[in-house]
Amino acid sequence: MSRAFNFSAGPAALPEPVLQQARNELLEWRDERASVMEISHRGKAFVACAEEAEADLRTLLSVPDDYAVLFLQGGATQHFAQIPMNIADPGQRAGYLVTGAWSQKAVSEAKPYVQADVLASTEAGSFTDVPDAGSFAATSDLAYLHYTPNETIHGVEFNEIPDAGAVPLVADFSSSILSRPIDVARHGIIYAGAQKNIGPSGLVVLIVRKDLLERGGHPKAKVLTYAAQAKDGSMLNTPPTLSWYLAGLVFKWLKDQGGLAAMEQRNRAKAELLYGAIESSGGFYRNPVAVRARSLMNVPFTLVDAALDSAFLKESEAAGLLALKGHRAVGGMRASIYNAMPIEGVQALVSFMRDFAQRHG
Ligand SMILES: *Cc1c(COP(=O)(O)O)cnc(C)c1O
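The structure displayed is predicted, hence computed values, not measured ones.

A. Summary view of the pairing of strand S12 (residues 298–303). Most of S12 is tucked away, with five of its six residues classed as buried. Two elements, strand S11 (residues 285–286) and S12, share two bridges in a ladder whose sense is antiparallel. If you follow Arg 286 over to S12, its bridge partner there is Thr 302. Of the strand pairs in this sheet, S12 and strand S14 (residues 333–336) are connected by four bridges, and their pairing is antiparallel. Considered in S14, the bridge of Asn 298 is made with Ser 336.

See below:
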């Protein structure tokens, strides 16, 4: 048996050089004569590692100085609730753009804390597009405007940042952070669960404009307060040290790859190859998403006959192409092609798809 190409939506593939480095230093990390997992998060060595990760992330995303970078826990889901707790007053309105399953969940988790108003939704079109730029307005009474730049399940991605006017724009970048450059300054908060494009699960990266940390929000425990986390370097309590260290290795790998402009080129080439194969299949494979909203990271597609799904999954797995089963909400297949998926993996998938269509078409 050998490592296969892994198209899992999350937790997802990690860059192989990162896994190799982690394996090499698993028992003895730097000069510690112990594993990175076995030392105090407050010791000099780990604090230096944590600071390096933050500095590298700031470089990769060109994070302006008036933003704090936090390394938190709870998954993106917990922050669906924690964001309104921190930056909305009780009973205040917040705007949501609903473009798929994750933005729907963001609304439902926010509802106990904020009047979550859906300003635009693409549900009537089965979440196959993003809202038109002029179809919603962020009025000044909103605590924030929330959107999901990439819908992991529906394979829908914004190619333009929504206009929030003077209202802080909050973005759940869980499945597309680091896939291309981001204009951080147009956002109030950018957050992402790590397990798609950053590292292993257990970690959430949250980038927040510092003035938002001064908002009182709701009465809440210190451990739920972003300002308190920022003040304590995200170490109010024990952070997920192994995940933080691995995220740091991924950031260094991304810098070695040439940074996010280079990653965008590669990700575009990978996505074009896959969408091209779907389009040129004569209807054997279909992707329902509007061309302007196609995701570079998650590519759902259906087969001409759903009765072929199980053969497709069985044969693809045997060919070394893992985790192509689509989400139950959408059906069919989904190929997640995050940063760690090399072009060779997409080439192998596309050639399998052509061969399968020939045999079953
Ligand atoms: C995976 C995902 C989430 C949920 O992440 P958890 O870490 O499981 O809470 C939220 N939003 C998006 C866009 C995702 O892809």
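Once the structure has been displayed, the description carries forward.
B. Quick look at the domain arrangement of the protein chain. The assigned domain composition of the protein chain is domain 1 (17–256) and domain 2 (259–360). Residue-level contacts link 26 residues of domain 1 with 25 residues of domain 2. Regarding the contact of domain 1 and domain 2, the summed buried area is about 2,200 Å², with carbon and sulfur atoms giving 53% of it. Where domain 1 meets domain 2, there are two salt bridges. A salt bridge links Arg 292 to Asp 132; the nearest nitrogen and oxygen atoms lie 3.0 Å apart.

C. Layout of the pairing of strand S3 (residues 93–98). When you tally the buried positions in S3, you get five out of six residues, the bulk of the element. Direction of pairing for S3 relative to strand S4 (residues 115–121): parallel, over a ladder of six bridges. Looking across to S4, one finds that Leu 97 is bridged to Ala 120. Where the polypeptide runs from S3 across helix H4 (residues 101–110) and back to S4, its parallel neighbour, the crossover connection is right-handed. Bridge count for S3 against strand S5 (residues 145–147) is two bridges, and the pairing is parallel.

D. Molecular detail of the side chain of Thr 128. Within the secondary structure, Thr 128 sits in the loop between S4 and S5. A distance of 2.8 Å separates a polar side-chain atom of Thr 128 from the backbone oxygen of Gly 125.

E. Structural context of unusual backbone geometry. The omega torsion of the bond from Gly 10 to Pro 11 falls at -10°, within 30 degrees of zero and hence cis. Take Pro 11: it is sitting in the loop between strand S1 (5–6) and helix H1 (16–24). One non-glycine residue, Arg 30, lies in the positive phi region at around 45°. Along the polypeptide, Arg 30 turns up in the loop between H1 and helix H2 (44–61). A relative accessible area of 44% places Arg 30 in the partly exposed class. Backbone geometry at Ser 234 places phi at a positive 60°, although glycine is not the residue there.

F. Seen up close, helix H9 (residues 343–360). With 18 residues, H9 extends 26 Å between its outermost C-alpha atoms, agreeing within 8% with the 26 Å of an ideal straight helix rising 1.5 Å per residue. Of all the residues in H9, the buried ones are Gly 345, Val 346, Leu 349, Val 350, Phe 352, Met 353, Phe 356 and Ala 357. For H9, the angular spread of the buried residues around the axis is 165°, confining them to a single face.

G. Representation of the packing of aromatic side chains. One pass over the full model with this rule turns up 14 aromatic pairs. Ring geometry for Tyr 96 and Tyr 144: centres 5.9 Å apart, planes at 75°, overall edge-to-face. Of this pair, Tyr 96 sits in strand S3 while Tyr 144 sits in the loop between S4 and S5; the two residues are 48 residues apart in sequence, bridging distant segments of the chain. Exposure class is identical for Tyr 96 and Tyr 144. Each is buried.

H. Representation of the pattern of salt bridges in the model. Considering all chains together, one arrives at 16 salt bridges under this definition. Across the pair Glu 279 and Arg 294 runs a salt bridge, and its minimum N-O distance is 2.4 Å. A residue pair is termed long-range when its members are at least 10 positions apart, and Glu 279 in helix H7 (residues 259–279) and Arg 294 in the loop between S11 and S12 qualify at 15 residues. What makes Glu 279 exposed here is its relative accessible area of 53%. Put simply, Arg 359 and Glu 315 hold a salt bridge, and the shortest N to O gap is 2.8 Å. Taken as a pair, Arg 359 in helix H9 and Glu 315 in helix H8 (residues 309–318) lie far apart in primary sequence, 44 residues in all. Overall, Arg 359 belongs to the partly exposed group, its relative accessible area being 45%. In this structure Glu 315 comes out as partly exposed when scored by relative accessible area, which is 24%. Through salt bridges with shared partners, one network takes in Arg 30, Glu 52, Asp 56, Lys 252 and Lys 255.

I. The site of the ligand, seen in detail. The immediate surroundings of the ligand are formed by 13 residues, with Thr 77, Thr 152, Asp 172, Gln 195 and Lys 196 found nearest. Take Thr 152: an N or O atom from its side chain is 2.4 Å from an oxygen atom of the ligand. Within the side chain of Gln 195, an N or O atom sits 2.9 Å from an oxygen atom of the ligand. Each residue belonging to the shell around the ligand can be placed in one class, and the counts come to three nonpolar, eight polar and two charged.

Definitions and limits used
- Residues numbered from 1 in each chain as written.
- Predicted model: local features only at pLDDT ≥ 70, side-chain atom pairs only at ≥ 80, totals over all residues.
- Heavy atoms only, no water.
- Buried < 20%, exposed > 50% of the residue type's maximum accessible area, 1.4 Å probe, protein only.
- Helix = DSSP H or I, 4+ residues; strand = E, 2+ residues; numbered from the N terminus.
- Pairing = 2+ DSSP bridges.
- Domains from an automatic or database assignment.
- Contact = heavy atoms within 4.5 Å.
- Buried area = accessible area lost by both parts, 1.4 Å probe.
- Salt bridge = Lys/Arg side-chain N within 4 Å of Asp/Glu carboxyl O.
- Right-handed = clockwise from strand over helix to strand, strands pointing away.
- Polar contact = N/O pair within 3.5 Å; in protein donor to acceptor, adjacent residues only side chain to side chain.
- Expected span 1.5 Å × (residues − 1).
- Arc of directions from axis to C-beta.
- Phe/Tyr/Trp six-rings, centres within 6.5 Å; stacked < 30°, edge-to-face > 60°.
- Near = heavy atom within 4 Å.
- Nonpolar A, V, L, I, M, F, W, Y, C, P; charged D, E, K, R; others polar.

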